[in-house]
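A look at the structure
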Amino acid sequence: MNTPPLSSLSAAFPAARPRRLRRDAFTRNLVREHALTSHDLIYPVFVLDGANRREAVASMPGVERLSLDLLLPVAEDCVSLGIPVMALFPVIDPSLKTPDGREASNPDGLIPRVVRELKSCFPQLGVMTDVALDPYTSHGQDGLLDEHNYIVNDTTVAVLVQQALTQAAAGVDIVAPSDMMDGRVGAIRTALEAAGHIHTRIMAYSAKYASAFYGPFRDAVGSAANLGKADKKVYQMDPGNTNEALREVALDIAEGADMVMVKPGMPYLDVVRRVKDQFGMPTFAYQVSGEYAMLKAAAQNGWLDHDAVMMESLLAFKRAGADGVLTYFARDAARLLRQG
């Protein structure tokens, strides 16, 4: 049955006055199509080794790298605010970075230790970990290099599988492969099942673009200097492509992803919408470091209302079809939502 065009479903003016539904707050609240809640938010954090360590990220005002002891109160705050998941990103000591990124699979490494402590102290808080090698490699790439400095796929996937297994053994709830290697979701899913980690969820960075918006993040994890003038265009997606994103998402779903992600967020809302419409899967977007830095800088200069643009930008993800958003604004947004 064909759906009649929208114009044929509406009365003509003056019988139809759309402004009637905007007249007062209670009516606007009553007919609002999309809403943001604290349960829609995932909070990314940067964790350091050591104790009582706190380092500001200059390109991300308000964001800090924290040692585990200082991260625990942040986790407690997330629980109290109703934020369901915290996503961990490691800041690895340069002495541990190698061409093969082997520290990523160390069961006593930074991330496994942090996961164990968080799950021990806050079992009700979901913990998500990044499956990628760029924080661990001396060259700053997400994979291993051949003699021509090309990122090799299958050898990298084997290392990523070991990284994911190490994280799952530590008790993480969600592993999130962000590397964009072909076939890695299927390999990780097979390995998790074989090891008995049947409840470990996979949130795949399925449509991750080779974006210029990642700069502050690379500063935060310390991979920018290692990467130098190199780029990641041979594995991350071309910003001009959307049909390709649907293919990537379809492959990850077929390989066993429980949730899919589009990254970056606001410049790719059209991709979020297409993914949600096409697959109906739990779909997430990452409001990345560059997006956060832009809004922060504009607000600090008095050009934009900080809280208003923060909340409007997050609502845009929900309107586009995202079920949730990874955002450095998560705690600030959750506090505002609590105030009503």
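Now for a look at the structure at hand. (Residues numbered from 1 in each chain as written. Predicted model: local features only at pLDDT ≥ 70, side-chain atom pairs only at ≥ 80, totals over all residues. Heavy atoms only, no water.)

Among the nonpolar cores identified, the biggest contains 106 residues, and F46, L71, M86, L88, L118 and L326 are the most heavily contacted of them. At eight residues, the largest contribution of residues to this core is made by helix α4 (residues 153-170). Once residues lying within four places of it in the same chain are set aside, the contact partners of L326 are I42, P44, A87, M128, M203, Y205, M261, F284, A285, Y286 and Q287. (Core = buried A, V, L, I, M, F, W, Y, C linked by side-chain atoms within 4.5 Å. Buried < 20%, exposed > 50% of the residue type's maximum accessible area, 1.4 Å probe, protein only. Helix = DSSP H or I, 4+ residues; strand = E, 2+ residues; numbered from the N terminus. Contact = heavy atoms within 4.5 Å.)

Among the residues of helix α12 (residues 330-339), those classed as buried are A330, R331, A333 and A334. One side of α12 carries all its buried residues, which in axial view fall inside an arc of 160°. Where α12 is buried, its residues contact β1 (41-48), α2 (68-81), α11 (306-320) and β12 (324-327). Phi turns positive, to about 80°, at G340, one or two residues after α12. (Arc of directions from axis to C-beta.)

This paragraph deals with helix α10 (residues 289-300). With twelve residues, α10 extends 16 Å between its outermost C-alpha atoms, agreeing within 8% with the 16 Å of an ideal straight helix rising 1.5 Å per residue. Taken as a whole, α10 has its buried residues at S289, G290, E291, Y292, A293, L295, K296, A298 and A299. Tucked inside the fold, the buried residues of α10 contact α6 (215-221), β11 (283-287), α11 and α12. Trailing α10 by a residue or two, G302 shows a phi angle of about 80°, which is positive. (Expected span 1.5 Å × (residues − 1).)

Further remarks concern unusual backbone geometry. The linkage connecting F13 with the following residue, P14, adopts the cis geometry, with an omega of 10°. Tracing the backbone through its elements, the reader meets P14 in the segment before α1 (25-31). With an omega of -5°, the peptide bond between K263 and P264 qualifies as cis. Checked against the element boundaries, P264 lands in the loop between β10 (259-263) and α9 (269-279). The residue N52 is not glycine, and still its phi comes out positive at about 55°. Looking at the element boundaries, N52 is found in the loop between β1 and β2 (54-56). The class for N52 is exposed, based on a relative accessible area of 62%. A positive phi angle is found at N149, which is not glycine, with a value near 65°. For N149, the position within the fold is in the loop between β6 (144-145) and β7 (151-152). Accessibility expressed as a relative area gives 56% for N149, which makes it exposed.

What follows is about the packing of α9 against α11. At a closest axis distance of 8 Å, the pairing of α9 and α11 adopts a crossing angle of 30°. Counting all contacts with α9, which are made through L269, V272 and R273, the residues of α11 involved are A316, F317, R319 and A320. The class makeup of the residues in the contact of α9 with α11 is five nonpolar, no polar and two charged. (Axes fitted to C-alpha atoms, helices over the stretch in contact; angles between N-to-C directions. Nonpolar A, V, L, I, M, F, W, Y, C, P; charged D, E, K, R; others polar.)

Among the structural elements, E312 can be located in helix α11. Expressed as a C-alpha distance, the spacing of E312 and I198, which sit 114 residues apart in the sequence, is 37 Å.

This part is about the packing of aromatic side chains. In this description, a pair of aromatic rings is defined by centroid distance and the angle of the planes. Enumeration according to the criterion identifies ten aromatic pairs in this entry. Ring centres of Y292 and Y328 lie 5.7 Å apart, and the angle between their planes is 65°; on these two criteria the pair is classed as edge-to-face. Of the two residues, Y292 sits in helix α10 while Y328 sits in the loop between β12 and α12, which places them 36 residues apart along the sequence. Owing to a relative accessible area of 5%, Y328 belongs among the buried residues under this scheme. Taking the centre distance of 4.7 Å and the plane angle of 50° together, the rings of Y292 and F329 count as tilted. Of this pair, Y292 sits in helix α10 while F329 sits in the loop between β12 and α12, and the two are 37 residues apart along the sequence. For F329, a relative accessible area of 1% corresponds to the buried category. Ring pairing ties together the aromatic residues F46, F89, Y205, F217, Y286, Y292, Y328 and F329, which thus form one cluster. Looking at K208, its charged tip hangs above the ring of Y214, at a distance of 5.8 Å from the centre. (Phe/Tyr/Trp six-rings, centres within 6.5 Å; stacked < 30°, edge-to-face > 60°. Lys NZ or Arg CZ within 6 Å of the ring centre and 35° of its normal.)

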